[in-house]
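Residues per chain, in single letters:
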Amino acid sequence: MTNPSVDRRSVLKGVAVASAAFALPRAFDPAAAAAPASKGIFGYGVASGDPTGDSVIIWTRATPPQRHKGDPVATPGSGLGASIPVRWQVARDPRFTRVVAHGLVHTSPDRDHTVKVDVQDLDPYTRYYYRFQSLGEFSETGRTQTAGDIPGETHALRLALVSCSNYTGGYFTAYRALAQRDDLDFVLHVGDYIYEYGNGADRYGPASLAGVRDSQPPTETIDLTGYRLRHALHKADPDLQAAHRQHAWITIFDDHEVANNAWAGGAGNHQASEGDYLVRRAQAMQAYLEWMPFRLPDQSQSTPHRGTRFFRRFTFGDLGDLSIVETRQNRSLQVTVPGVPFDGFVPVGLNPAIDGAIAHPGRHLPEPEQLTWIKDGLTGRRRWHLLGNQVMVTPVLYPGAALGAPGLTFVNADQWDGYTADRTNLLTHAAAQPSADSGDVVVLTGDIHASFVGDLPVAASPGNPTYTSAGVEFVCPSVTSDGFVEVLAGTKDLLGKPPEVVVGATRQAIGAAQQLNPWLRYIDGVSHGFVVLDVTPERVHADYHHTPAPTSAQPDPRTVPTVVPTYTRSFQTLAGSRRATAASGPVGPRSDRPRGD
Ligand SMILES: [Fe+2]
């Protein structure tokens, strides 16, 4: 079944081709990605991440100064520049009068002059300050925090959940809002930190930002040079720099850190003309590991895995743990409709071959070894088991009317909905664990560029409100990537219609979806932003922060640099309930503060 209205990329490409301004990639603009390399050694800022009870990663990029005037600048991806010594310091205070750790490292073009130090022997639940120094020049000071992971003690846990930060999609004001908060333990980014698209016909995002916020490199990233420069573009953004400077981050990639709709052997947006996919993926992962404050787990650990082990677990005393799931490296090829370009949506209950493939036990999302590791993590005696996850676990049945195919029902086969044997395996196991002994599961997800709150039914049937729930899922909206409202605005029936009409149509479609999916408590597809999660022994509370809906006066709030997401509404799950409910909010002050704060 051909349905161009559901093909986000086709829609976008169609719009782009229609605009002469997009006909050719724009000339390289050195103003963004490469400019910080000329603004001193530490122009790309500082970052920290992967906090445990006694360690944290600190990160920077150290651009070597030109030896002689006129020498080329060692810009990201250039491979230029000499090795450079970098000293680092971690202190209990921002004036660095109480330094607790320091050292000297060297960086070189081999790692794109990035610096990553795994600082050890720190105290748990403590705030620290860090900085770098090289050739007489200091970086900005970053702030970070170790995890409240002390056996027998329960400390507050508060984090922000973000995903899908398309540079050409809008200003990163969600990151600005996070940078202004003082109450977060860390920021959790569950994927699509970068996108691979260029500025030509494949440009992704509002046309009004062409020439204002462009991709660098200007063409699709397909090799190490390209991915390094794309990461550098993000690290040059002032709002993103501020959010990294202020908080530790925990991150995991999704598909766009390599290419759209990635699976084990390829990606929807990888063509044979772009070379060997596995070579491309390895180069994308190299750039990711260079430019992100990410700690690879000890590869010598006995936990079985396939390929590079990216999945890992953080612990927070008796309160809970956070398992970071990785679902791209080993996943089976997505189920598609023969002859139809895949963009996630496939009809269900129509074609037995499609239904059979979706449910086939031989197809996997995480590899079986990782799924066993995830399940094992749900049996511990901690109150909450958070899963940092890329694509939605909760079933979502899409009414065909909203997709231009009345009478049919669709699922997004790029999500766990396309790998139902794995999902049933996971949720059956989770539901079988007694809450009083093993705690409850809370899945934290992004990817779909819309806000969702829902239960996790072990077996769901359309419109049936009776089910066993294995836990709950909170899904954050995108930082800037196109949501349902932007996708619908590009469809045939709504093209050129006033924003109020498109918003109304989006909300009508969402209302129909909620009828089909009574386990979903909330869907919002018109706003961008982030979620703040507050975890106590009694409940997990989620505050949704959103940009306003588009209006004729302000057709695309993402393009307005002063529009920052604000608090809209809250949901929660009470311990033992395994259900999501509305909550009054937002959360107040933390119940306790980390040391050194
Ligand atoms: Fe995304």
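Reading guide: rules and limits
- Residues numbered from 1 in each chain as written.
- Predicted model: local features only at pLDDT ≥ 70, side-chain atom pairs only at ≥ 80, totals over all residues.
- Heavy atoms only, no water.
- Pairing = 2+ DSSP bridges.
- Helix = DSSP H or I, 4+ residues; strand = E, 2+ residues; numbered from the N terminus.
- Axes fitted to C-alpha atoms, helices over the stretch in contact; angles between N-to-C directions.
- Contact = heavy atoms within 4.5 Å.
- Domains from an automatic or database assignment.
- Buried area = accessible area lost by both parts, 1.4 Å probe.
- Salt bridge = Lys/Arg side-chain N within 4 Å of Asp/Glu carboxyl O.
- Polar contact = N/O pair within 3.5 Å; in protein donor to acceptor, adjacent residues only side chain to side chain.
- Core = buried A, V, L, I, M, F, W, Y, C linked by side-chain atoms within 4.5 Å.
- Buried < 20%, exposed > 50% of the residue type's maximum accessible area, 1.4 Å probe, protein only.
- Phe/Tyr/Trp six-rings, centres within 6.5 Å; stacked < 30°, edge-to-face > 60°.
- Lys NZ or Arg CZ within 6 Å of the ring centre and 35° of its normal.
- Parallel < 35°, antiparallel > 145°, perpendicular 65-115°, else oblique.
- Left-handed = near helix turned anticlockwise from the far one by under 90°.
- Nonpolar A, V, L, I, M, F, W, Y, C, P; charged D, E, K, R; others polar.
- UniProt positions renumbered as here; feature names shortened; annotations may be inferred.
- Expected span 1.5 Å × (residues − 1).

Under an unreviewed UniProt entry, the name given to the protein is Alkaline phosphatase, and the source organism is Knoellia locipacati.

(A) Layout of the sheet that holds strand E23 (residues 520–524). If you walk across this open sheet you meet the 7 strands as E14-E15-E17-E20-E22-E21-E23, and the pairing is mixed. The sheet terminates laterally at strand E14 (312–316) and E23, the two strands that pair on one side only. Ignoring strand direction, the axes of neighbouring strands in this sheet form an average angle of 20°. By the bridge criterion, 5 bridges tie strand E17 (residues 384–388) to strand E20 (residues 440–445) in an arrangement that is parallel. Within the sheet, the bridge partner assigned to Gly388 lies in E20 and is Leu444. Strand contacts of helix H7 (residues 368–376): E14, strand E15 (320–324) and E17, with the helix running at about 10° to E14, the strand carrying the most contacts.

(B) Just the sheet that holds strand E10 (residues 186–189), in detail. Strand order in the open sheet formed by 10 strands is E5-E2-E1-E11-E10-E9-E24-E25-E26-E27, and the pairing between neighbours is mixed. Strand pairing shows two members of the sheet lacking a second neighbour, strand E5 (114–119) and strand E27 (581–583), which therefore form its edges. With strand direction ignored, the average angle separating the axes of adjacent strands in the sheet is 30°. Of the strand pairs in this sheet, strand E25 (residues 539–546) and strand E26 (residues 566–574) are connected by 8 bridges, and their pairing is antiparallel. When the bridges of E26 are listed, Val540 appears paired with Thr573. Against the sheet, helix H5 (residues 277–291) makes contact with strand E2 (56–61), E5 and strand E11 (248–251), and its axis sits at roughly 60° relative to E5, the strand it touches most.

(C) Region of interest: the domain arrangement of the protein. On domain assignment, one finds that the protein holds domain 1 (29–146) and domain 2 (147–582). Contact residues are listed per partner, giving 42 residues for domain 1 and 38 residues for domain 2. Here domain 1 and domain 2 share an interface that buries about 3100 Å² over both sides, 49% of which is from carbon and sulfur atoms. Per-residue buried area on domain 1 facing domain 2 is highest for Asp50, Tyr125 and Arg143; these three make up 22% of the total on that side. The interface formed by domain 1 and domain 2 contains 6 salt bridges. The salt bridge partner of Glu140 is Arg245, with a shortest N-O separation of 3.2 Å. Run the count over domain 1 and domain 2 and you get 23 residue pairs in polar contact (both at pLDDT 80 or more). Taken together, the elements giving at least two residues each to the side of domain 1 that touches domain 2 come down to strand E1 (46–49), E2, E5, strand E6 (127–134) and strand E8 (142–145).

(D) Layout of the nonpolar core. Tyr175, Leu188 and Phe474 are the most contacted members of the largest nonpolar core, which has 72 residues in total. The element contributing the most residues to this core is H5, with 6 residues. Counting residues in hydrophobic clusters, the runner-up holds 27 residues, among them Val346, Tyr398, Leu403 and Ile510.

(E) View of unusual backbone geometry. Cis geometry is adopted by the peptide bond preceding Pro217, which originates at Gln216 and carries an omega value of 0°. When you line up the elements, Pro217 lands in the loop between E10 and helix H3 (224–235). A cis amide bond, omega 0°, links Gly585 with the succeeding residue Pro586. Mapped onto the elements of the fold, Pro586 is located in the segment after E27.

(F) Broad picture of the packing of aromatic side chains. Throughout the structure, instances matching the rule amount to 24 aromatic pairs. With centroids separated by 6.2 Å and ring planes inclined at 90°, the aromatic side chains of Tyr544 and Phe571 adopt a geometry described as edge-to-face. Linking Tyr544 in strand E25 with Phe571 in strand E26, this pair joins segments that are 27 residues apart in sequence. For the residue pair Tyr544 and Phe571, the accessibility class agrees, reading buried in each case. A connected cluster of aromatic rings, assembled from ring pairs, spans Tyr167, Phe172, Tyr175, Tyr193 and Trp249. A cation sits over an aromatic face here: Arg383 above Trp384, 5.3 Å from the ring centre.

(G) Quick look at the packing of H7 against helix H8 (residues 420–432). In the contact formed by H7 and H8, the axes pass within 10 Å of each other and the chain directions differ by 20°. Compared by their axis directions, H7 and H8 come out roughly parallel. Crossing of H7 over H8 shows right-handed handedness. Note on element contacts: H8 touches H7 through Asp422, Asn425, Leu426 and His429, opposite Leu371, Ile374 and Lys375. Residues of the contact of H7 with H8, tallied by class, amount to 3 nonpolar, 2 polar and 2 charged.

(H) The environment of Leu408, seen in detail. Mapping Leu408 onto the fold places it in the loop between strand E18 (398–399) and strand E19 (409–412). The class of Leu408 is partly exposed, set by a relative accessible area of 22%.

(I) Expanded view of the side chain of Arg143. Residue placement: Arg143 occurs in strand E8. Residue Arg143 is classed as buried on the basis of its relative accessible area, which comes to 9%. A distance of 2.5 Å separates a polar atom in the side chain of Arg143 from a polar atom in the side chain of Asp182. Aside from chain neighbours lying at most four places away, what touches Arg143 is Ser48, Arg127, Tyr128, Tyr129, Tyr130, Arg181, Asp182, Arg245, Gln246, His247 and Ala248.

(J) Up close: the UniProt feature "domain: PhoD-like phosphatase metallophosphatase" (unreviewed entry) in the protein. Here, the residues flagged by UniProt with the feature "domain: PhoD-like phosphatase metallophosphatase" (unreviewed entry) are residues 159–544. Helix makes up 26% of residues 159–544 and strand 20%, with an end-to-end C-alpha separation of 12 Å.

(K) Structural context of the side chain of Thr168. Relative to the helices and strands, Thr168 is located in the loop between strand E9 (157–162) and helix H2 (173–179). A polar contact of 3.1 Å, which involves the side chain of Thr168, links it to the side chain of Asn166. Within polar-contact distance, the side chain of Thr168 engages the backbone oxygen of Tyr204 at 2.5 Å. Not counting residues up to four positions away in its chain, the partners in contact with Thr168 are Asn199, Arg203, Tyr204, Gly205, Pro206, Leu209, Arg213, Asp214 and Ser215.

(L) Structural detail: H5. With 15 residues, H5 extends 21 Å from end C-alpha to end C-alpha; this agrees with the ideal 21 Å at 1.5 Å per step. Taken as a whole, H5 has its buried residues at Tyr277, Arg280, Arg281, Ala284, Met285, Ala287, Tyr288, Leu289, Glu290 and Trp291. If you follow the buried residues of H5, they end up packed against E2, E5, H3, E11, strand E12 (262–263) and strand E13 (266–267).

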